[in-house]
Amino acid sequence: MELRVEASKHLGTFDLNVDFTITGSRAGVFGPSGSGKSTLLSLIAGLIVPDRGFINLDGKMLFDSSHSVHVMPENRRIGMISQQSQLFPHLSVHKNLLYGYKRCDAAYRKITPDAVIEVLQIGPLLTRGVNNLSGGEKQRVAIGRAILSNPRLLLMDEPLSALDDDLKFQIISYLKDTCEVFNIPYIFISHALLEMRVMTDRVLKLADGCAHELVTAEELARGSMKDSGSYTNLLHLSEPQCEGDVHAYSWGDRQLFVADSGTPPVMLFELSSRDVILFKRHPEVISARNVFKATVVNAFDMGVRVGVELQCGTEKLVAEVTKKAANQMEIHEGTEIYAAIKALSFKPLH
Amino acid sequence: MFAFGPSDYSAIFVSVKVAVVATLISLPLAFTVAYCMTFKRFKGMLVLDVLVNLPLTLPPVVIGYLLLMLLGQNGWIGTWLLQPLGIRIIFTWKAAVIATMVVGFPLMVRAIRTNMEAIDRRLVDASRLLGAGCLDSIFTIIVPLCFRGLIAGSLLMFARGLGEFGATIIVAGNIPGVTQTIPLAIYDYVSSPNREVMAMALCCVSITISVVVLIVHEWLGKRMGRRA
């Protein structure tokens, strides 16, 4: 997907002026509330007409003020999933799902209802009214409805913000799976850094109605460390094996022990940079279940603290120490140190 | 006891006919006006709002007189449009329909608009993004979601049509068997000596029709509520 936008829109006291090109199938738009993220998506979708400029998706001009081009929303083949599921309350789940599918040109109908129903596991919901669904079920049906319209681009306008944390990562899994399985590029909007890192590769930073820069999700997380005061490591672990009250996971060429949280083993974990303790020498006896040798690849300023990027075998991890501790431990690039993490410090995500 | 004569049955028939036809013709017009006032932004919105609601504040007799001025043989529309086409409206049941439409129109628009304004506009946007064109979106999303308003507006228009007196008597007259409606017949009976029983009988007919319409309205409302 290649999306080129150069457009401006005046709305009351708010002005949106953007000029950017996004490529790749997992793009994001990140910015604080009121920065113009939703307005930008509405411009791309065709729900709001820009005052001037152009919008070009994969070589097709969707809007061009200089040539009076404005493709109507229903002809853009751009799907949208929003914060509220926006299911049609007078239609059943099944009719909601097929609303876009029936209106899609037969030539573009590559994704079938049966395949979507299976991936999203919404078969048992089909005959129900949408008012009898839970928040998570509604969002799954909304995802299915948007996918079944066979869009060439999917816009996701903070689709997780109305959900609680447990549900959020369930829905993220469905969102990722469906877009991967059916090969649909998407633009994901959020002001939550964690969601952005899980969902996207490239991120457009938006502030006060202006597109600032295009960065990777990892660069975005590092850049936000000074503001948030800490960094969250996202760990994709695999092959869990139960060993008493902990699970042993593979993490690159190493093994990590994670406390049993009483739920089925998950593969994605969150670990705060503050929960990684650094030692100059091996601590010998310590309650932390994970102690391993690592090499400092980067030490960077985090305001009042120092961020320490560690190479742990094939994987990387970011720890956070005070400046005084960094000086005492003589932390700099190439330093070999030991990192310790308690098995209880990992927060399961999905 | 009482016994209805042919003119009484005619009055009942004309009343129902005028109310039904006025309601059916007004419904698409009122829906369109309510749609424009709810979903569209345009210059002259205030003027349209005032024009639509003006009959609510005007005495029906004034409305009847203005319609007479417009549609009469020497009226503006009568002279330039109706006469050349050989159409006669004044003092026919069609005039009663027009009078009912004008008087009941603001009630119908208000009922529909109130329901329409409660529709989440993002649902309409969602339907457009799913490939529905403007008309498709209107008929598959807006109409079903404001169905209660359409029913309520139709009920109000029908009720107003059954009870319309002032404007009707000016433009349609009070011709038994032709333009005489239930209220006009009741007026005649009340004005004549010893005909109160007939007036009361027609009142009972009017009440019965109204009760039936209200029951149908409630039934439809509950049915739509269950579906929603």
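Residues numbered from 1 in each chain as written. Chains lettered and ligands numbered in written order. Predicted model: local features only at pLDDT ≥ 70, side-chain atom pairs only at ≥ 80, totals over all residues.

## Some remarks on the overall build of chain B
Helices and strands together make up the secondary structure of chain B, namely eleven helices and zero strands. Helices (α) and strands (β) of chain B occur, in sequence order from the N terminus, as α-α-α-α-α-α-α-α-α-α-α. (Helix = DSSP H or I, 4+ residues; strand = E, 2+ residues; numbered from the N terminus.)

## What to know about the pairing of strand S5 (residues 60–64) of chain A
Residues and elements named next belong to chain A. Pairing of strand S4 (residues 52–57) with S5 involves four bridges; the strand directions are antiparallel. Paired with Phe 54 across the strands is Asp 64, a residue of S5. Counting the residues in the hairpin turn of S4 and S5 gives two residues, including Asp 58, whose phi is positive at 50°. Two elements, S5 and strand S6 (residues 69–70), share two bridges in a ladder whose sense is antiparallel. By the bridge assignment, Phe 63 is partnered in S6 with His 70. Between S5 and the antiparallel strand that follows it, S6, lie four residues; Ser 68 among them carries a positive phi value of about 50°. (Pairing = 2+ DSSP bridges.)

## Quick notes on the sheet that holds strand S16 (residues 268–272) of chain A
Here we have three strands laid out as an open sheet, ordered S12-S16-S22 (chain A), and antiparallel in their pairing. Each edge of the open sheet carries a strand with a single partner, namely strand S12 (232–236) and strand S22 (347–348) of chain A.

## Brief notes about the sheet that holds strand S18 (residues 290–302) of chain A
Residue and element names in this part refer to chain A. Sheet architecture is open: five strands sit in the order S17-S21-S18-S19-S20, paired in antiparallel fashion. Looking at strand neighbours, the two that pair on one side only are strand S17 (277–279) and strand S20 (315–322), the edges of this open sheet. Between one strand axis and the next, the sheet turns through 45° on average, direction left out of account. (Axes fitted to C-alpha atoms, helices over the stretch in contact; angles between N-to-C directions.)

## Re the environment of Arg 197 of chain A
All names here are of chain A. Among the secondary structure elements, Arg 197 is positioned in helix H6 (residues 193–199). Arg 197 gets classed as buried once you count the C-beta atoms within 10 Å, which come to 20. Between the alpha carbons of Arg 197 and Asp 19 there is a distance of 23 Å; along the sequence they are 178 residues apart. Those residues in contact with Arg 197 that lie beyond four places of it in its chain are Ala 217, Ala 221 and Leu 234. (Buried ≥ 20, exposed ≤ 12 C-beta atoms within 10 Å, placed from the backbone. Contact = placed C-beta atoms within 7 Å.)

## Regarding the interface of chain B and chain A
Interfaces are often described in size by the accessible area the parts lose on coming together. In this complex, chain B contributes 15 residues to the contact, which on the side of chain A involves 18 residues. By residue class, the composition of the side of chain B that touches chain A is nine nonpolar, two polar and four charged. (Nonpolar A, V, L, I, M, F, W, Y, C, P; charged D, E, K, R; others polar.)

## Looking at unusual backbone geometry
Residue and element names in this part refer to chain A. The backbone of Asn 183 shows a phi angle near 55°, a positive value even though the residue is not glycine. Mapped onto the elements of the fold, Asn 183 is located in the loop between helix H5 (165–181) and strand S9 (186–190). Of note, Glu 330 is a non-glycine position whose phi angle comes to about 50°, a positive value. By the C-beta count within 10 Å, which is 10 here, Glu 330 ends up exposed.

## Side note on the nonpolar core
Residue and element names in this part refer to chain A. Core analysis: the biggest nonpolar cluster contains 95 residues, and Ile 44, Leu 155, Met 156 and Ile 187 have the highest contact counts within it. Taken domain by domain, the makeup of this core includes at least three residues from each of domain 1 (2–223) and domain 2 (232–348). Not counting chain neighbours up to four residues away, the residues in contact with Ile 187 comprise Ile 22, Ala 27, Gly 28, Val 29, Leu 155 and Met 156. (Core = buried A, V, L, I, M, F, W, Y, C linked by C-beta atoms within 7 Å. Domains from an automatic or database assignment.)

## Here's the deal with the confidence of the model for chain B
All names here are of chain B. Put simply, chain B has an average pLDDT of 91, and 97% of its residues get 70 or more. Taken element by element, the predicted model of chain B shows its lowest mean pLDDT in helix H4 (residues 76–85) (81) and its highest in helix H6 (residues 121–129) (96). Scored as a whole, the predicted complex attains pTM 0.83, and scored at its interfaces, ipTM 0.83. (pLDDT = per-residue confidence, 0-100.)

## Points about the pairing of strand S10 (residues 202–207) of chain A
Residues and elements named next belong to chain A. Where strand S3 (residues 26–30) lies against S10, four bridges are found, and the strand directions are parallel. Across the sheet, the residue bridging to Val 29 is Leu 204, located in S10. If you look at the hairpin formed by S10 and strand S11 (residues 210–216), you'll find two residues sitting between the two strands, and Asp 208 has a positive phi there, around 50°.

## Some thoughts on H6 of chain B
If you check which residues of H6 of chain B are buried, you get Val 124, Asp 125, Ala 126, Ser 127, Arg 128 and Leu 129 of chain B. For H6 of chain B, the elements touching its buried residues are helix H1 (37–45) and strand S7 (78–82) of chain A together with helix H7 (134–145) of chain B. Two residues or fewer past H6 of chain B, Gly 131 of chain B is found with a positive phi of approximately 105°.

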